[in-house]
Amino acid sequence: MEQRAGSSNLRAVAQDVALALFITVMQVQGTVARAAAEGAQRPLSDLGNLGFALLVLSGLVVAVRRRWPVPAFVTVALASLLYFSLDYPDGPGWIGLFVVLYSVTAYGDGRRSLVIAGVGTAVLAVGWLIAAADVEPRAAIGWVFFRIGASVMSAALGESVRSRRVIAAEAVERAELADQTREEEARARVDAERLRIAREVHDTVAHAIAVINVQSGVTAHVLDKRPEVARQALQAIEQTSSRALREMRAILGVLRDDDDGRAPYPGLGQLDELTAKARAAGLDIELEETATEVPLPSAVGSAAYRIVQESITNVIRHVGPTRVTVALSPGVDVLEIRVTDAGPRDTPGDDAAGRHLPVGHPNGAGRPATSGRGIPGMRERCHLLGGEFDATPMPGGGFEVRARLPLAPTGSRR
């Protein structure tokens, strides 16, 4: 990029130098030819070739019109006023002036450059009119008005070019900003979708692994003594893993372009199945559910299911067999969820068949709670729907999870 910019600058300088030389030749040659044809009161060679010097100066200064447009304009304007005040012959000595005047507005900053061009043109007009006061014949004074009009047109043309350049730059900037905004929005949507998928995967896998862990422990404990109970535990493992795989396919199905094999996300309609698996894992679970007058929004139903699922999973993982109460109370504009467990039992944990698990079993009572993404994930689900969440220990032992989900989600309140 730096090499390209440097090459562009050198090309612009070379163009301006070539233009300055061309204008200088045109001004000198044109003025000499016209003076020879029409005659002149004062030849260009008078006063030490001052006329030639002024024509050459007003032509060569065009070479710096881009870098120093205002000084170049002042130089050419002073040379023009001096040239005509000394009665040198008229000719195309105004070419350099018009080019530099165009450059003042084209490479200026808008209002300031227009003021400079306007004031400069006014001063030039007064000077030209004074210098042409005694011109004979009087028709020759038309060249003065031509120069004034051409000066105004040069400044207006430069301002038009500058305005177009500014408009084009602003359009490019807006397009780049729009592209950047679209990229940021797309990135935000991808991040949100990634977080949602991660949360769904966590809830699904954590619950399935917790149930499978309990049932596999039961199987290992009763395999030799009670094979029929071991068979039931293995069947529960098969059903849990099968359902987990189906949910995983449904969750990850959004990563495919087609809709084949996708299933709807679980909702409150699957609570009976969830509680049945929890009972098979050793929980004494009671479901208190009030019928709803209107169907719940799918987002609310899915979030409620996941909150109950994660709460039960935490009980299975960290407490073991105990009593759990799940209460769902839909209101007019909010769904209240409460999942309460009675805490570890005083005796070693019971297995799914009512037999005692050995002390120290990974699913037995007294297993220490470990930090994870369960409670933060439930809290995020509530906040995404504009709800409230709380998870606190109970005074008499146990733990309670409470959530309030608005039936008309209002977005995150964090």
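Please refer to the structure higher up on the page.
Residues numbered from 1 in each chain as written. Predicted model: local features only at pLDDT ≥ 70, side-chain atom pairs only at ≥ 80, totals over all residues. Heavy atoms only, no water.

## Description of the sheet that holds strand S1 (residues 284–289)
Reasoning step 1: Strand order in this open sheet of 5 strands is S1-S2-S3-S5-S4, and the pairing throughout is mixed. Across the chains shown, the open sheet's two edge strands, defined by having one partner strand only, are S1 and strand S4 (388–393). For this sheet the average axis-to-axis angle between neighbouring strands, irrespective of direction, equals 10°. (Pairing = 2+ DSSP bridges. Helix = DSSP H or I, 4+ residues; strand = E, 2+ residues; numbered from the N terminus. Axes fitted to C-alpha atoms, helices over the stretch in contact; angles between N-to-C directions.)

## Points about the pattern of salt bridges
Reasoning step 1: Per the counting criterion, the structure on display carries 14 salt bridges.
Reasoning step 2: Across the pair Glu-159 and Arg-162 runs a salt bridge whose closest N-O atoms are separated by 2.8 Å. Here Glu-159 and its partner Arg-162 are both found in helix H6 (residues 142–222), 3 residues apart, which amounts to about one turn of the helix. Like Arg-162, Glu-159 is buried.
Reasoning step 3: Each of Arg-338, Asp-390, Glu-400 and Arg-402 takes part in one network of salt bridges that share partners. (Salt bridge = Lys/Arg side-chain N within 4 Å of Asp/Glu carboxyl O. Buried < 20%, exposed > 50% of the residue type's maximum accessible area, 1.4 Å probe, protein only.)

## Here's the deal with the packing of helix H3 (residues 69–85) against helix H4 (residues 95–106)
Reasoning step 1: Relative to each other, H3 and H4 sit at 150°, their axes nearing to 9 Å. Here H4 runs roughly antiparallel to H3, going by the angle between their axes. As H3 runs across H4, the sense of the crossing is left-handed. Where H3 abuts H4, its residues Pro-69, Val-70, Ala-72, Phe-73, Val-76, Ala-77 and Ser-80 lie against Gly-96, Leu-97, Val-100, Leu-101, Ser-103 and Val-104.
Reasoning step 2: Considered class by class, the residues forming the contact of H3 with H4 number 10 nonpolar, 3 polar and no charged. (Parallel < 35°, antiparallel > 145°, perpendicular 65-115°, else oblique. Left-handed = near helix turned anticlockwise from the far one by under 90°. Contact = heavy atoms within 4.5 Å. Nonpolar A, V, L, I, M, F, W, Y, C, P; charged D, E, K, R; others polar.)

## A word on the side chain of Ser-311
Reasoning step 1: Tracing the chain through its elements places Ser-311 in helix H9 (residues 298–318).
Reasoning step 2: When residues no more than four places from it in sequence are discounted, the contact partners of Ser-311 are Val-339, Met-378 and Val-401.

## Topic: H3
Reasoning step 1: Its 17 residues place the ends of H3 24 Å apart at the C-alpha level, agreeing with the 24 Å of an ideal helix rising 1.5 Å per residue.
Reasoning step 2: Of all the residues in H3, the buried ones are Pro-69, Ala-72, Phe-73, Val-76, Ala-77, Ala-79, Ser-80, Tyr-83 and Phe-84. Along H3, the residues classed as buried sweep out an arc of 165° about the axis, all on the same side.
Reasoning step 3: Backbone geometry just after H3 places Asp-87 at a positive phi near 60°. (Expected span 1.5 Å × (residues − 1). Arc of directions from axis to C-beta.)

## Remarks on the side chain of Asn-314
Reasoning step 1: Here Asn-314 is to be found in helix H9.
Reasoning step 2: Overall, Asn-314 belongs to the buried group, its relative accessible area being 16%.
Reasoning step 3: Once you skip the residues sitting within four places of it in the chain, Asn-314 turns out to touch Val-319, Ile-375 and Met-378.

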